[in-house]
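# Observations on the model geometry
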Amino acid sequence: MILGSRDAQRASETAAGLTLIGSGSVSGGTNEDAADADVVIVATPWDSAVATVKDVKARLEGKVVVSMVNALQKQGRELVPLFPPRGSMAAEIQAAVPGARVTGAYHHLPAADMENLDSDLNADVVIVGDDADARRTTVEITDAMSGLRAVEAGSLALAGAVESFTAVCISINIRHKAHTYVRLAGLA
Ligand SMILES: NC(=O)c1ccc[n+]([C@@H]2O[C@H](COP(=O)([O-])OP(=O)(O)OC[C@H]3O[C@@H](n4cnc5c(N)ncnc54)[C@H](OP(=O)(O)O)[C@@H]3O)[C@@H](O)[C@H]2O)c1
């Protein structure tokens, strides 16, 4: 796995501080290096996501590109959702790199629990996307991660609802001083 950054040195230092679970390796590099992977995860603030993928557009051709980007704005004690023109950030990214196969995932995960290897995280990851193979790939890499269960929801048209619900999750966290996450009842 390659952590991409605008500053490869910073990414290398971050990668060196990570604990690897399972097989493989993790290293730091440029955003171009990260975009050379088979599966590329976009995890920048919403207002830089489109520019970031456009910068590596040619490298993303045909790739599975997973957006975990939420367009949110702080208002008082709450985070409220912003609604991009195409309905979601995942759709904006798909429009910016039409040759990529964009999925949406990981929007609701609390970073603090993901970073803490001793946390009892038992979260569902709602996965959307228009390309069935790309959705399946996203399901596979998600189910391989400890503490996560992939739940395929449907097409990219659902991404706006998934992303905007993050504002609800974070506002609940602020109000209740908690690290909530999504767990869907009723699934086999
Ligand atoms: N934090 C969470 O709990 C969480 C959970 C689910 C989803 N998300 C979503 O994931 C995305 C990233 O969240 P985050 O909390 O990790 O944000 P962050 O720490 O502010 O940003 C992540 C990385 O994006 C890069 N970046 C920042 N500004 C940029 C710019 N102007 N242009 C290009 N790259 C830039 C930076 O990497 P370099 O400086 O190294 O290039 C930074 O380390 C957001 O859209 C968020 O909604 C976050």
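Quick look at the structure, then. (Residues numbered from 1 in each chain as written. Predicted model: local features only at pLDDT ≥ 70, side-chain atom pairs only at ≥ 80, totals over all residues.)

## Re the overall build of the protein chain
Definition in use: Going along the chain from the N terminus, every DSSP run of H or I of four or more residues is numbered as a helix, and every run of E of two or more is numbered as a strand. In this treatment the radius of gyration is a C-alpha quantity, and the globule benchmark scales as 2.2 Å times the residue count to the 0.38 power. Counting other C-beta atoms within 10 Å of a residue's C-beta gives its exposure: the residue is buried at 20 or more, exposed at 12 or fewer, and partly exposed in between, where C-beta atoms are placed from the backbone. Whether two residues are in contact is decided by their C-beta atoms, placed from the backbone, lying within 7 Å.
The helix and strand tally for the protein chain stands at seven helices and nine strands. For 188 residues, the compact-globule estimate of 2.2 N^0.38 gives 16 Å, and the C-alpha radius of gyration of the protein chain, at 16 Å, lies within 12% of that figure. For the protein chain, the residues scored as buried account for 34% of the 188 residues in total. Sequence-distant contacts, at least 24 apart, represent 67% of the contacts inside the protein chain between residues at least 6 apart.

## Structural notes on the pairing of strand β7 (residues 101–104)
Inclusion rule: DSSP bridges decide pairing: two strands pair if at least two such bridges lie between them.
Residues Arg101 and Thr103 point to one face of β7 and Val102 and Gly104 to the other, with burial holding for every one of them. By the bridge criterion, four bridges tie strand β4 (residues 64–67) to β7 in an arrangement that is parallel. For valine 64, the partnering residue across the bridge sits in β7 and is arginine 101. By the bridge criterion, two bridges tie β7 to strand β8 (residues 123–129) in an arrangement that is antiparallel. Residue pairing in the sheet places glycine 104 in a bridge with valine 128 of β8.

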